[in-house]
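# Structural features, examined
One-letter residues, chain by chain:
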Amino acid sequence: MTAPLTLFASDNYAGVHPAVLEAVAAANAGWARAYGDDEWTDRLREKLRELFGDVEAFPVFNGTGGNVTALSAVLRPYEAVICPETAHINVDECGAPERIAGAKLVDVPTADGKLTPELLRSRLTGFGDQHHVQARVASISQSTELGTVYTPGEISALARTAHEAGLLLQMDGARLVNAAEALGLELRELTSDCGVDVLTLGGTKSGLLGAEAVVFFRPELAAGYLYARKQGTQLASKMRFISAQLLCLFEGDLWRETAGHANAMARRLGDAVAATPGAELAYPLQANAVFAALPPAAIERLHERYHFYVWDEDAGVVRLMCSWQTTPADIEELAGALAEAMGG
Ligand SMILES: Cc1ncc(COP(=O)(O)O)c(C=O)c1O
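In this report, we go over the structure that sits alongside the text. (Residues numbered from 1 in each chain as written. Predicted model: local features only at pLDDT ≥ 70, side-chain atom pairs only at ≥ 80, totals over all residues. Heavy atoms only, no water.)

## Regarding helix H2 (residues 39–52)
Put simply, the test is: Every helix listed is a DSSP run of H or I at least four residues long, and every strand listed is a run of E at least two residues long, numbered separately from the N terminus. Each helix should span, by expectation, one fewer than its residue count multiplied by 1.5 Å. Type-normalised accessible area, obtained with a 1.4 Å probe on protein chains alone, sets the label of each residue: buried when under 20%, exposed when over 50%, and partly exposed for intermediate values. Each C-beta atom gives one direction from the helix axis, and the arc is the one those directions make. Any two residues having at least one pair of non-hydrogen atoms within 4.5 Å are treated as being in contact. Two N or O atoms count as a polar contact when they lie within 3.5 Å, although within protein this holds only if one can serve as hydrogen donor and the other as acceptor, and sequence-adjacent residues are included solely when both atoms are side-chain atoms.
End to end, H2 covers 20 Å across 14 residues, agreeing with the expected 20 Å (1.5 Å per residue, within 8%). Looking at H2, one finds that the buried residues are Trp40, Thr41, Leu44, Lys47, Leu48, Leu51 and Phe52. Seen from one end, H2 has its buried residues packed into an arc of 120 degrees, which puts them on one side. Looking at the buried residues of H2, the elements they touch are helix H1 (18–27), strand S1 (56–60), helix H8 (176–183), strand S6 (198–201), strand S7 (212–216) and helix H10 (239–250). The distance from a side-chain oxygen at the start of H2 to the backbone nitrogen of Trp40 is 3.0 Å, and the residue carrying that oxygen is Asp38. Directly beyond the C-terminal end of H2, a positive phi value near 105 degrees is found at Gly53.

Shown next, in the form of structure tokens:
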């Protein structure tokens, strides 16, 4: 039996975009100052200011590290983060926010992975009570772990609710580019313009070798970040190679191209799922993730040909991710396998 195909398991399973490898090779010209004092990192800071406004931006190795160090920079030891139950920081970071940032996470069940002002308000309790952890950050993921996307209006409403209560709004933007492309918006229209305070800007899922950035929208919040990043083991000595990747993605339109393609492939796959009798979309398909509800026997049969993750065993919901590298032929092949698995 041949090994199951891995291409729909995660956008992290995709390779590195050739332009990114070229950019890394081009940055490999001789010597450069270490730890971020290099021309690539300077150019990246400038580029991110062009895209987001007056921000302080810091390259890091990965998304977990970006989230955790951003949170440690803005939290005091007795402060908490309110986030959806499904948040990556809550379920997929091995407790790093608790252990490394020392933060209590207060998680909230949601219908579709999205925090709302009402849900946030329901956890805004215990202020001024010495027995109670003090909420300081509301955290959202854009796009969410369930493939849904916050509109600018929804983010602004959350920022208003958070700020009125003295909280900051942090965004895990591992797939911010997919959300921006899906809505046809600029990156700042989903962040700076909506009142987001701190962002972990994703890159790896869009074809980088491994690079993300922590972006502070209010420079005073970044005051301690250099130390939080170093303590959090996210300070790259040869930072030019991290910055060169991010520059390659954001200097031109590569982020639009890779995210737009991944989203388009997901839409195609979503159409195929919706057209398959007995299969249905479990959540609104708004970015590059397709969540399908399938009968257990079909999941088992499909697993013989494809490796992918079952998101909710009880409900038979599986996650099929598309990436910059997914092709229309890949979608057609999976759609055929799905129809067969469903007994069609
Ligand atoms: C929503 C979200 N945030 C953050 C990350 C970043 O994780 P990593 O530390 O693997 O780069 C991921 C990766 O799967 C993710 O899906």
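## Describing the sheet that holds S6
Stated precisely, the cut-off is as follows: At least two DSSP bridges between two strands are needed for those strands to be called paired. Angular values range over 0 to 180 degrees, each being the angle between N-to-C directions of two axes fitted as lines to C-alpha atoms, with helices fitted over their stretch in contact.
Spatial strand order, S1-S7-S6-S5-S4-S2-S3: 7 strands in an open sheet with mixed pairing. What marks the edges here is a single partner per strand, and that holds for S1 and strand S3 (104–108). With strand direction ignored, the average angle separating the axes of adjacent strands in the sheet is 20 degrees. Judged from the 4 bridges that link them, S6 and S7 form a sheet pairing that is antiparallel. Residue pairing for S7: Leu201 is matched across the bridge by Ala213. Packing of helix H3 (residues 63–74) onto the sheet brings it into contact with S1, strand S2 (79–84), strand S4 (134–141), strand S5 (168–173), S6 and S7, and relative to S7 it is tilted by some 25 degrees. Packed onto the sheet, H10 meets S1, S6 and S7 and runs at close to 115 degrees relative to S1.

## Things to note about the sheet that holds strand S11 (residues 317–321)
Strands sit in the order S8-S9-S11-S10 across an open sheet of 4 strands; the sheet is antiparallel. Looking at the sheet topology across the chains shown, the edges are occupied by strand S8 (280–281) and strand S10 (309–312). Sheet topology places S10 next to S11; 3 bridges connect them, and they run antiparallel. Bridge pairing in S11 places Val310 opposite Val318. Contacting S8, strand S9 (289–293) and S11, helix H11 (residues 254–274) crosses the sheet at an angle of about 10 degrees to S9.

Structural measurements only, silent on function.
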